[in-house]
Amino acid sequence: MESNRGQGGIQQLLAAEQEAQHIVNAARAAKMARLKQAKEEAEREIAQYRAQTEHEFQKKLAQSSGDSGANVKRLEEETDAKIGHLKSEAARISPDVVQMLLKQVTTVKN
């Protein structure tokens, strides 16, 4: 009778051990599934952030390129205005400079 009891106890222990192993395996599988899900969510968030950052960068790049074109046009206009001013000043004082040079060349000093 005692041996049946011992056998029954061993059988119960083996069954409990198998049940515990199933519980541990199920917990591991659930943990792996949660980790996989977290990894996928993180990858989605990273992709979304990367796309948003790239969009903002392209937007700023387009704005700065547009500004660059406007700056080039403004600088060209300013340069043309300055060149025109210099030409008009040169034309205005040119006769005076010619007269001064002729006077210096034709004046003889002893």
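In case you missed it, the structure is sitting above this.
Residues numbered from 1 in each chain as written. Predicted model: local features only at pLDDT ≥ 70, side-chain atom pairs only at ≥ 80, totals over all residues. Heavy atoms only, no water.

### Comments concerning the overall build of the protein chain
Here comes step 1: If you tally the helices and strands in the protein chain, you get one helix and zero strands.
Here comes step 2: Taken against the 2.2 N^0.38 rule, which gives 13 Å for 110 residues, the C-alpha radius of gyration of the protein chain at 46 Å runs more than 25% over that of a compact globule.
Here comes step 3: In terms of its C-alpha atoms, the protein chain occupies a principal-axis envelope of roughly 155 × 35 × 5 Å.
Here comes step 4: Counting only residues that meet the buried cut, the protein chain has 0% of its 110 residues in that class. (Helix = DSSP H or I, 4+ residues; strand = E, 2+ residues; numbered from the N terminus. Rg over C-alpha atoms; globule rule 2.2 N^0.38 Å. Buried < 20%, exposed > 50% of the residue type's maximum accessible area, 1.4 Å probe, protein only.)

### A look at a negative patch on the surface
Here comes step 1: A surface patch of like charges, here negative, comprises Glu40, Glu41, Glu43 and Glu45.
Here comes step 2: Residue position: glutamate 43 is located in helix H1 (residues 2-106). (Patch = residues over 30% accessible without salt bridge, like charges linked within 9 Å, V, L, I, M, F, W, Y side chains within 5 Å. Areas by Shrake-Rupley, 256 points an atom, 1.4 Å probe, with all protein chains shown as cover. Salt bridge = Lys/Arg side-chain N within 4 Å of Asp/Glu carboxyl O. Lys, Arg positive; Asp, Glu negative; His and termini not counted. Charge placed at Lys NZ, Arg CZ, Asp CG, Glu CD.)

### A word on the pattern of salt bridges
Here comes step 1: Across all of its chains, the model carries two salt bridges by this definition.
Here comes step 2: A salt bridge links arginine 74 to glutamate 78; the nearest nitrogen and oxygen atoms lie 3.0 Å apart. Placement of the pair is arginine 74 and glutamate 78 together in helix H1, with a separation of four residues, close to one helical turn.
Here comes step 3: Here arginine 74 falls in the partly exposed class, since its relative accessible area comes to 40%.
Here comes step 4: With a closest N to O distance of 2.8 Å, arginine 92 and glutamate 89 form a salt bridge. With arginine 92 and glutamate 89 both in helix H1, this residue pair falls three residues apart, about one helical turn.

### Notes on a nonpolar patch on the surface
Here comes step 1: Nonpolar side chains collect at one region of the surface, where Ile93, Val97, Met100 and Leu101 lie side by side and expose about 340 Å² of accessible area between them.
Here comes step 2: The topology assignment puts valine 97 in helix H1.
Here comes step 3: Given the relative accessible area of 36%, valine 97 is considered partly exposed.

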